[in-house]
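Summary of the model geometry
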Amino acid sequence: MYENLASEFGVVDTCAMMGGMPQPSAPRKTPGRPPRISREEILAAARRIVDEAGVDRLTMRRLAMEVGSTPMALYHHVRDKEELLVLLLDDHAARTLRRPELPAHPRERVVVAATAIHAALAACPWSVEVLTADDLLSTSALWFVEQIVDGLVECGLSPDRAVHGYRAIWYYTAGELVVRTAAARRRASDDRVTYREQVFADLDPGELPRLAQLADRWAPLTAEDTYQEGLRALVDGLLAGR
């Protein structure tokens, strides 16, 4: 019956024609290698991830998916996530940090250099989160550190005390940016009354008279940008008596 059907529809029994031996199937196509990627493409993709989702969301697996490659292929360009973050910091510093004209007075050089660092970091909030780990450093920013330390030495501090002074300026700068960035992120994602606002609305003037007096103005006052004013006060304190 099968032979009749085959003959009727023109189907040829190839196994019978070849002596009953089945033919080997066509070889499967093996997937090709992932496309070649450059370090510049990797950095651009990593920057998109941290800008959109934050540093914690940057993983080698997610980055590989972003560039259409594999995690192993990325390791030909970067050793690990820490090196990737250092490269990102250097890339950001190279693109945004501009060496300002420095005034002659060393005290003013300190203020100008610190303000330039603050402005560059404010434009890229994730970089502050990375830098506060204290183990990662952008070499492109060392010129600014040099100006601050040198300015403090010229103002009368010993080199050791100048390093301590720089650390105080850095803590103030990073802390101000971390707090400001966190507040901005919170306002953008949630417009509900904050816990602080609830507490300040019910302050007891008998126990906390000064805070109760300022309660209505506390939020706008603390939202003002007073970085440089605070920086000058800090530098003046570091150099007091010199």
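Residues numbered from 1 in each chain as written. Predicted model: local features only at pLDDT ≥ 70, side-chain atom pairs only at ≥ 80, totals over all residues. Heavy atoms only, no water.

Per an unreviewed UniProt entry, the protein chain carries the name TetR family transcriptional regulator and comes from Streptomyces djakartensis.

Bringing the UniProt feature "DNA-binding region" (unreviewed entry) in the protein chain into the picture now. Annotation from UniProt places "DNA-binding region" (unreviewed entry) at residues 59-78. Taken end to end, residues 59-78 is 60% helix and 0% strand, and its first and last C-alpha atoms sit 12 Å apart. (UniProt positions renumbered as here; feature names shortened; annotations may be inferred. Helix = DSSP H or I, 4+ residues; strand = E, 2+ residues; numbered from the N terminus.)

Moving on, we come to the layout of surface pockets. In this structure, the largest pocket spans a volume of roughly 450 Å³. Looking at the largest pocket, it is lined by 16 residues, and the ones nearest its centre are A183, R187, R196, A219 and T222. Counting residues per element, the ones that place at least two in the lining of the largest pocket are α10 (159-189), α11 (195-201) and α12 (209-223). Top element by residues in the lining of the largest pocket is α10. It accounts for 6 residues. (1 Å grid on protein atoms, 1.4 Å probe; cavity = no way out; pocket = protein on both sides within 12 Å on 5 of 7 lines; lining within 4 Å. Points joined across faces, edges and corners; volume = space filled by probe spheres on them.)

Compared with the 16 Å implied by 1.5 Å per residue over 12 residues, the 16 Å span of helix α13 (residues 227-238) between its first and last C-alpha is a close match. Here α13 has its buried residues at Y227, L231 and V235. Buried residues of α13, seen end-on, are gathered within an arc of 65 degrees and therefore sit on one face of the element. What points out from α13, more than 90 degrees from its buried face, is the exposed set E229 and A233. Contacts made by the buried residues of α13 are with α7 (106-122) and α10. (Expected span 1.5 Å × (residues − 1). Buried < 20%, exposed > 50% of the residue type's maximum accessible area, 1.4 Å probe, protein only. Arc of directions from axis to C-beta. Contact = heavy atoms within 4.5 Å.)

This paragraph deals with the pattern of salt bridges. According to the stated counting rule, one finds 9 salt bridges in the structure shown. For the salt bridge of D150 with R109, the shortest nitrogen-to-oxygen distance reads 3.3 Å. You can see D150 sitting in helix α9 (residues 142-154) and its partner R109 sitting in helix α7, a full 41 residues away along the chain. Owing to a relative accessible area of 10%, R109 belongs among the buried residues under this scheme. Close ionic contact of R109 with E154 constitutes a salt bridge, the shortest N to O distance being 3.0 Å. Of this pair, R109 sits in helix α7 while E154 sits in helix α9; the two residues are 45 residues apart in sequence, bridging distant segments of the chain. E154 gets classed as partly exposed once you look at its relative accessible area, which sits at 49%. (Salt bridge = Lys/Arg side-chain N within 4 Å of Asp/Glu carboxyl O.)

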